[in-house]
Amino acid sequence: MLLSHLSSWAFRFVRTTIAVFAVLFPMYSFATPDAGLVLSDQIVGVTDRSFFVIRTSTLRPPSYYEYSKRVELIELSIKTGHIENRCLVRETNYTTDPNEPNTSWVQEELMPTACHPFDELFKKGANYIEAESAGPSYYTFRLREDGLSYRETESDDQESWMHLLPISEVKTRALNGSKIEVESLPWYSGENAPKMISAIIIDDEYEPLHTICTPHQFAFNALRNNWQFIRLNCWSGDDDAFGANFYVPVPGNLFGLE
């Protein structure tokens, strides 16, 4: 009788514990991830009015078993940050079978649009990007709530920071330059979805732009061109999060570079 009573009590305890655990700690195997969109730019050329980047877009639908990568040549306006032209270089799908004991990704190359980046740069008369130095940058950059600023790397004077761009300008360029067509996304966005969305999601109350973006230590520049380009990393590193790495142009003479 005692054994039967203990068995009944143990069963109820285990069942209750499992129920509470299921509510507080849902099993990841049954959870569906959020969609993720990450854009990563690498600047490759500059003219007087625009600059060119090779953009790799990582598109993750709400699934653990598939994603895709898209490579494009993007032309952006120096004045506004808007995307002027884009052409597809390559697109690749990756899928895996969840029933297989070992994860093995199958790569499928989709038929790309005939776009040859260096031919396009030649047609536009774009200047080459200078190589980075192996040593430290002469300038240090920071992004705060008042905007983008710089100072000499060797300085530790907090009063020596010089203003480059207001945060409103950086935000506008972030949104203009990281747009993507909703219909090109590999997941359903809803009937009332806008035509374009940005890969950078800004929440001024909980996650403002200056808290999610970090400036690169170097300013990129091109031959025979006065513009300097500061790269901002605005991605948390999570696979199911939105984010982008993009460039903000500033005139070189603003911080002593002619």
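The structure under discussion appears in the preceding block.
What counts, and where the lines are drawn
- Residues numbered from 1 in each chain as written.
- Predicted model: local features only at pLDDT ≥ 70, side-chain atom pairs only at ≥ 80, totals over all residues.
- Heavy atoms only, no water.
- Disulfide = S-S within 2.5 Å.
- Helix = DSSP H or I, 4+ residues; strand = E, 2+ residues; numbered from the N terminus.
- Pairing = 2+ DSSP bridges.
- Axes fitted to C-alpha atoms, helices over the stretch in contact; angles between N-to-C directions.
- Contact = heavy atoms within 4.5 Å.
- Polar contact = N/O pair within 3.5 Å; in protein donor to acceptor, adjacent residues only side chain to side chain.
- Salt bridge = Lys/Arg side-chain N within 4 Å of Asp/Glu carboxyl O.
- Buried < 20%, exposed > 50% of the residue type's maximum accessible area, 1.4 Å probe, protein only.

(A) Local environment of the state of the cysteines. Per the counting criterion, the structure on display carries two disulfides. Paired by a disulfide, Cys213 and Cys234 hold their sulfur atoms 2.0 Å apart. Where Cys213 bonds to Cys234 through sulfur, the torsion about that S-S bond is close to 115 degrees, and the disulfide is right-handed. Highlighted residues: Cys213 in the loop between α4 (209-212) and β11 (214-221) and Cys234 in strand β12 (residues 227-234), separated in sequence by 21 residues.

(B) Region of the structure containing the sheet that holds β11. The mixed open sheet is built from eight strands, whose spatial order is β5-β4-β3-β2-β1-β13-β12-β11. Among the strands making up the open sheet, the edge pair consists of β5 (106-110) and β11. The mean inter-strand angle of the sheet, taken between neighbouring strand axes irrespective of direction, is 25 degrees. Pairing analysis gives five bridges linking β11 to β12, with the strands arranged antiparallel. Note on β12: the bridge partner recorded for Thr214 is Asn233. Here helix α3 (residues 167-177) sits on the sheet in contact with β2 (50-60), β3 (66-77), β4 (83-95), β12 and β13 (243-251), set at roughly 125 degrees to β13.

(C) Here's a closer look at the environment of Ser236. Within the fold, Ser236 resides in the loop between β12 and β13. Along the chain, Ser236 and Cys213 lie 23 residues apart, while their C-alpha atoms are 9.0 Å from each other. Here the side chain of Ser236 touches Asp238 through a polar contact of 3.3 Å, side chain to side chain.

(D) Just the pattern of salt bridges, in detail. In the structure shown here, the tally under the stated rule is ten salt bridges. Across the salt bridge formed by Arg49 and Glu84, the nearest N and O atoms sit 3.1 Å from each other. Here the residue Arg49 occupies a position in the loop between β1 (36-46) and β2, and Glu84 occupies one in strand β4, the gap between them amounting to 35 residues. Residue Glu75 pairs with Lys124 through a salt bridge whose shortest N-O separation is 3.4 Å. Highlighted residues: Glu75 in strand β3 and Lys124 in helix α2 (residues 117-124), separated in sequence by 49 residues. Overall, the relative accessible area of 3% leaves Glu75 in the buried class. Judged by relative accessible area, Lys124 falls into the partly exposed class, the value being 41%. Through salt bridges that share partners, Arg49, Glu75, Glu84 and Lys124 make up one connected network.

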